[in-house]
Amino acid sequence: MREIDRIAVGDVGPELLQMMENAGRTLAGLARSLTDETVVVLAGDGGNGGGGLCAARHLSNHGWDVRVVLDRPSDELTGAAATQYHVLKGTDATLGATGVESTGLSEAGLVVDAVIGYGLSGAPRGRGRDLVETANRAPSSVLSLDVPSGVDATTGETPGVAVAADVVLTLALPKTGLVGARGDLWLADIGIPREVYRRAGVEYDQPFSGETRVRLHANPPG
Ligand SMILES: NC(=O)C1=CN([C@@H]2O[C@H](COP(=O)(O)OP(=O)(O)OC[C@H]3O[C@@H](n4cnc5c(N)ncnc54)[C@H](O)[C@@H]3O)[C@@H](O)[C@H]2O)[C@@H](O)CC1
Ligand SMILES: [K+]
């Protein structure tokens with residue numbers, strides 16, 4: 001997936017923010033199918049957090065009550081996550097919660113986990129770790145973007161704490177680390193053209209057939 005991203009962003013396209021918009025919008029659609037109630041979005045500073053913040057915007061635009069908790073003060077966000085946060089400020093989503101106690105977690109109908117994706121390096125630490133533990137304390141279901149935060153997307157190993165996701169929406173290609181994982185697994189179309197897969201040497205039969213997401217498996221054992 002890293003190679004697919006490199007070829008897309010560096011050469012063929014789409015650009016990161018274009019793919020992220022597809023990821024975030026599809027994530028929001030899946031979240032809407034799971035709850036009519038408050039959605040708490042936990043977001044980090046990488047591409048994963050950016051996708052979560054984009055989803056938060058789409059959910060708020062559609063009238064959902066959205067509360068966002070970041071793994072750092074908002075003025076320390078960088079790159080695409082900072083861009084997404086800037087746009088999100090134009091919605092009615094509740095921003096700026098610094099402590100989990102202020103998120104209304106107990107009333108949430110769904111928690112979206114967009115803390116860490118395939119960029120995990122070592123055991124979750126600091127605020128990222130706190131947010132993983134927050135997701136695991138939530139009485140509601142947890143929907144993880146790409147991989148449950150704390151799970152190695154390639155090996156499936158958990159070097160430390162990890163989100164116990166009920167549902168995972170992975171992007172473009174199923175990650176090997178999700179094989180045998182618990183929960184419902186969905187795959188999102190983020191708009192990558194065939195040429196990108198061809199250049200990466202990936203034999204790719206598009207599975208979407210007119211949908212923006214497809215279910216890969218539901219509640220498997222383990
Ligand atoms: N084409 C794509 O691949 C797209 C990817 N997106 C997302 O971007 C992700 C990859 O983005 P990045 O490479 O920026 O990486 P991630 O966003 O997966 O991870 C980097 C973030 O996690 C934090 N982090 C990493 N290890 C940590 C640890 N041990 N403890 C605490 N915090 C830790 C870093 O501080 C950083 O904020 C994918 O998983 C996917 O979800 C989408 O948002 C957009 C399109
Ligand atoms: K995640």
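Residues numbered from 1 in each chain as written. Chains lettered and ligands numbered in written order. Predicted model: local features only at pLDDT ≥ 70, side-chain atom pairs only at ≥ 80, totals over all residues. Heavy atoms only, no water.

Under an unreviewed UniProt entry, the protein has the name NAD(P)H-hydrate epimerase and belongs to Salinigranum rubrum. The Function (unreviewed entry) comment attached to the protein in UniProt states, word for word, "Catalyzes the epimerization of the S- and R-forms of NAD(P)HX, a damaged form of NAD(P)H that is a result of enzymatic or heat-dependent hydration. This is a prerequisite for the S-specific NAD(P)H-hydrate dehydratase to allow the repair of both epimers of NAD(P)HX." Listed in UniProt under the heading Sequence similarities (unreviewed entry), the comment for the protein reads: "Belongs to the NnrE/AIBP family." (UniProt positions renumbered as here; feature names shortened; annotations may be inferred.)

Okay, the coordination of the potassium ion (ligand 2) next. Every protein donor of the potassium ion (ligand 2) is accounted for by Asn48 (OD1), Ile116 (O), Leu145 (O), Val147 (O) and Ser149 (OG), and the metal-donor separations fall at 2.7 to 3.0 Å. For the potassium ion (ligand 2), the single-chain donor residues occur in sequence as N-x67-I-x28-L-x1-V-x1-S. In this pair, isoleucine 116 sits in the loop between β4 (110-114) and α5 (126-137) while valine 147 sits in the loop between β5 (141-145) and β6 (167-171), placing the two residues 31 residues apart along the sequence. Judged on exposure class, the residue isoleucine 116 and its partner valine 147 are both buried. (Donors = N, O, S within 2.8 Å, 3.2 Å for Na, K, Ca; no water. Helix = DSSP H or I, 4+ residues; strand = E, 2+ residues; numbered from the N terminus. Buried < 20%, exposed > 50% of the residue type's maximum accessible area, 1.4 Å probe, protein only.)

So, about the pairing of strand β2 (residues 66-70). Of all five residues in β2, five are buried; the element is thus mostly enclosed. Going residue by residue along β2, you find Val66, Val68 and Leu70 tucked away on one face and Arg67 and Val69 tucked away on the opposite face as well.

On to the layout of surface pockets, then. Estimated volume of the largest pocket: approximately 520 Å³. Around the largest pocket sit 30 residues that line it, and Gly46, Gly47, Asn48, Gly49 and Gly117 are the ones nearest its centre. Elements supplying a minimum of two residues to the lining of the largest pocket: α1 (2-12), α2 (16-34), α3 (47-61) and α5. A per-class count over the lining of the largest pocket returns 13 nonpolar, nine polar and eight charged. The computed volume of the second largest pocket comes to approximately 220 Å³. Looking at the second largest pocket, the residues that line it are Met1, Arg2, Tyr118, Leu120, Asp152, Ala153, Thr154, Leu173, Pro174, Lys175 and Thr176. Within the lining of the second largest pocket, the residues separate by chemical class into six nonpolar, two polar and three charged. (1 Å grid on protein atoms, 1.4 Å probe; cavity = no way out; pocket = protein on both sides within 12 Å on 5 of 7 lines; lining within 4 Å. Points joined across faces, edges and corners; volume = space filled by probe spheres on them. Nonpolar A, V, L, I, M, F, W, Y, C, P; charged D, E, K, R; others polar.)

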